[in-house]
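# Inside the fold
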Amino acid sequence: MVVLAASIISKSGKALVSRQFVDMSRIRIEGLLAAFPKLVGTGKQHTYVETENVRYVYQPIEALYLLVVTNKQSNILEDLETLRLLSKLVPEYSPSLDEDGVCKAAFELIFAFDEVISLGHKENVTVAQVKQYCEMDSHEERLHKLVLQSKINETKDVMKRKASEIDKSKIEKNRGDKGGFMSLQSMGSGRIESTFSDMSISSGGGGFGSGSGFGLSTDVDSFSSKSKGRPSASATAPPKGLGMQLGKTQRTNQFLESLKAEGEVIIEDSKPSAGPRSAAPPLTDPITLTVEEKLNVTLKRDGGVSNFDVQGTLSLQILNEDDAYIQVQVETRGNSGILFKTHPNINKELFSNENILGLKDPNRPFPIGQAGDGVGLLKWRMQTVDESVVPLTINCWPSVSGNETYVSIEYEASSMFDLRNVVISVPLPALREAPNVRQIDGEWRYDSRNSIFEWSILLIDNSNRSGSMEFVVPPADSSAFFPISVRFTATSTFSDLKVLNILPLRGGPPPKHSQRTQLFTENYQVA
């Protein structure tokens, strides 16, 4: 198999991401890509097109095509396997499967393609390995950043000491000029007046007000950030034991620099992740609306649902004050099993009649700022015992044979959702060694400290709605393998809530907005 090029193109023939792997002129590659849309017929179910010299192996991705160009002598089965691996990588790096999302992640996709294909030949790698190779960091870079951070910390310490000396000299000068205590009193009163004036401006700046529950944190933050005047003596004075801490920090920094000079490699301690939810990327659009649903599900080991609870929220974040006078038009799909509740400051009649979220007082703006999770506009909840709505079911079959226990586990995923970063955690009896894995669809890891077997699948879509695995352990009771815990995320939700439009209340064009949608598990078990 020889892969000539791998590309992501639009259906009009525009190449968004293109990577060639053999020595071929740019004009030749562009000609091959430009000819592809003319060769694809409508209504056909083929996944490849052949010409006199090359073979196009392709897969539609919404409004785009993922395309692999090979020579005609290559194995079509290997071509399809390469295309399938590339199709799993595209959603991992592209925030959205459209032209804008693919163009933003163009460099990351090219690097990922390079890890899959080398000199025209497919590498024997998995999606997890490609992500690991692309995220590989350098010890030299970390050491350089550590040394740079130590210098920054030293500079900050010097700056604080200089600022404290300047404040003390100003106080002594004012004492000598204006009579000591009275001058200090006048300085303090001026600072207090300035602080209270800032507080009144902050509390009257708009939003829901300090007593509404929406705008309280925003007002406190603006008050603390806007208060003027020279800091008080308690704020500028170093805390108790600071001199010993500074000396210790300086000695540590000198020791690190000496290690660097000797060629030693220093590895920083990695901080544990905060939880199953990944940190949201920084806001770039003026208005961002976030739809989140969390799942609390308990399934019976013999089939059936003990508990199924979905709790969702729609939150709003606004960066600019000019965009705060708005209303949000949404679509709820009319699901009778979901109960929606608006915030007390939202006009309930407007939402009930027109599906528009707006304040009761249209002359007041929404709070602005990027702190926290934004302003909650809408909440909903869904509870049921219908097993057909469960996105992922797990069947575990332990069986003892002689001196061994064979554990077979299979999963079945609903076609409603594509699940990402799926981890199925199975408790095991205390083992000295990892279990003997006979067969598995995905990756596995054994946590010997907690005696937990973790089965990981990066993506469950239409290509792998079901899967299985089998491992062997010493004899054990069947109840030792329960409860099984599951965690995953998805970009679709049960409510399927969509933001249709942003309606400005003061005229002008609607401000640009973006919608983030995520479904994640809070507690998902098979007990």
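Residues numbered from 1 in each chain as written. Predicted model: local features only at pLDDT ≥ 70, side-chain atom pairs only at ≥ 80, totals over all residues. Heavy atoms only, no water.

## Notes on the overall build of the protein chain
Regarding its fold elements, the protein chain presents eleven helices and 23 strands. Relative to its 527 residues, the protein chain shows a buried fraction of 38%. As presented, the protein chain carries roughly 30,300 Å² of accessible surface, and 50% of it is formed by carbon and sulfur atoms. (Helix = DSSP H or I, 4+ residues; strand = E, 2+ residues; numbered from the N terminus. Buried < 20%, exposed > 50% of the residue type's maximum accessible area, 1.4 Å probe, protein only. Areas by Shrake-Rupley, 256 points an atom, 1.4 Å probe, with all protein chains shown as cover.)

## Section: the confidence of the model for the protein chain
Averaged over every residue, the pLDDT of the protein chain is 79; residues scoring 70 or more account for 77%. Within the model, pLDDT remains below 50 along residues 179-238, and this stretch shows 59 contacts once partners closer than five positions in the same chain are excluded. Here residues 267-275 is modelled with pLDDT under 50, and outside its nearest four sequence neighbours on either side it reaches four contacts, counting other chains as well. (pLDDT = per-residue confidence, 0-100. Contact = heavy atoms within 4.5 Å.)

## Digging into the sheet that holds strand β12 (residues 356-357)
Strand order in the open sheet made by the three strands is β12-β10-β22, with antiparallel pairing throughout. Two strands lie at the open edges of the sheet, namely β12 and β22 (498-504), each paired on one side alone. With two bridges joining them, strand β10 (residues 326-331) and β12 adopt antiparallel strand pairing. Bridged to V328 within β12 is L357. (Pairing = 2+ DSSP bridges.)

## Quick look at the pairing of strand β21 (residues 484-490)
Of all seven residues making up β21, five are buried, and the element is well covered by its neighbours. Judged from the five bridges that link them, strand β16 (residues 419-427) and β21 form a sheet pairing that is antiparallel. Each bridged residue has a counterpart across the sheet, and for S425 the counterpart in β21 is S485. As defined by bridge partners, β21 adjoins strand β23 (residues 513-526) across four bridges and the pair is classed as antiparallel. When the sheet's bridge partners are listed, T489 is paired in β23 with F520.

## A few points about helix α4 (residues 106-116)
Burial in α4 covers these residues: A106, L109, A112, F113 and V116. Down the axis of α4, the buried side of the element spans an arc of 125°, and every buried residue falls inside it. (Arc of directions from axis to C-beta.)

## Remarks on the nonpolar core
Ranked by size, the top nonpolar core spans 67 residues in total, and within it F308, L392, I424, F471 and F481 carry the most contacts. I424 has contacts with I394, Y411, F453, E454, W455, I457, I484, S485 and V486, leaving out every residue within four places of it along the chain. One finds A6, Y93, V127 and V130 within the second-largest nonpolar core, a separate group that totals 28 residues. (Core = buried A, V, L, I, M, F, W, Y, C linked by side-chain atoms within 4.5 Å.)

## Let's talk about a negative patch on the surface
Together, E62, D98, E99 and D100 make up a region of like negative charge exposed at the surface. Position of E62 relative to the elements: it lies in the loop between β4 (54-61) and β5 (64-71). (Patch = residues over 30% accessible without salt bridge, like charges linked within 9 Å, V, L, I, M, F, W, Y side chains within 5 Å. Salt bridge = Lys/Arg side-chain N within 4 Å of Asp/Glu carboxyl O. Lys, Arg positive; Asp, Glu negative; His and termini not counted. Charge placed at Lys NZ, Arg CZ, Asp CG, Glu CD.)

## Regarding the environment of F520
Along the chain, F520 turns up in strand β23. For the pair formed by F520 and N296, sequence separation is 224 residues and the distance between their alpha carbons is 9.5 Å.

## Some details on empty space enclosed by the protein
Counted by the stated rule, this structure contains one cavity of 30 Å³ or more. What the largest cavity holds in volume is close to 40 Å³. A324, I326, Q327, G358, L359, D361, P362, R364, F366 and L505 together form the lining of the largest cavity. Class assignment for the residues of the lining of the largest cavity results in six nonpolar, two polar and two charged. (1 Å grid on protein atoms, 1.4 Å probe; cavity = no way out; pocket = protein on both sides within 12 Å on 5 of 7 lines; lining within 4 Å. Points joined across faces, edges and corners; volume = space filled by probe spheres on them. Nonpolar A, V, L, I, M, F, W, Y, C, P; charged D, E, K, R; others polar.)

## Focus on the pairing of strand β19 (residues 452-460)
A regular strand carries its side chains on alternate faces of the sheet. Alignment of β16 against β19, held across eight bridges, turns out to be antiparallel. By the bridge assignment, V422 is partnered in β19 with I457. Two strands pair when backbone bridges link them, and strand β18 (residues 443-447) and β19 are joined in this way by five bridges, in the antiparallel orientation. Among the inter-strand pairings, R445 is bridged to a residue of β19, identified as E454. Hairpin remark: β18 followed by β19, antiparallel, with four residues in the connecting loop; positive phi at S451, about 55°.

## Notes on the pattern of salt bridges
Overall, the coordinates contain nine salt bridges when judged by the stated rule. For E92, the salt bridge is made with K131, and the minimal N-O distance between the two is 3.2 Å. Placement of the pair is E92 in helix α2 (residues 76-93) and K131 in helix α5 (residues 127-134), with a sequence separation of 39 residues. Taking the shortest distance from any N to any O, the salt bridge between D309 and R381 comes out at 2.8 Å. One end of the pair, D309, is in strand β9 (residues 305-318); the other, R381, is in strand β13 (residues 375-383), and 72 residues separate them in sequence. Residue classification places R381 among the partly exposed residues on the basis of a relative accessible area of 40%. One salt-bridge network, in which partners are shared between bridges, spans E50, R55 and D79.

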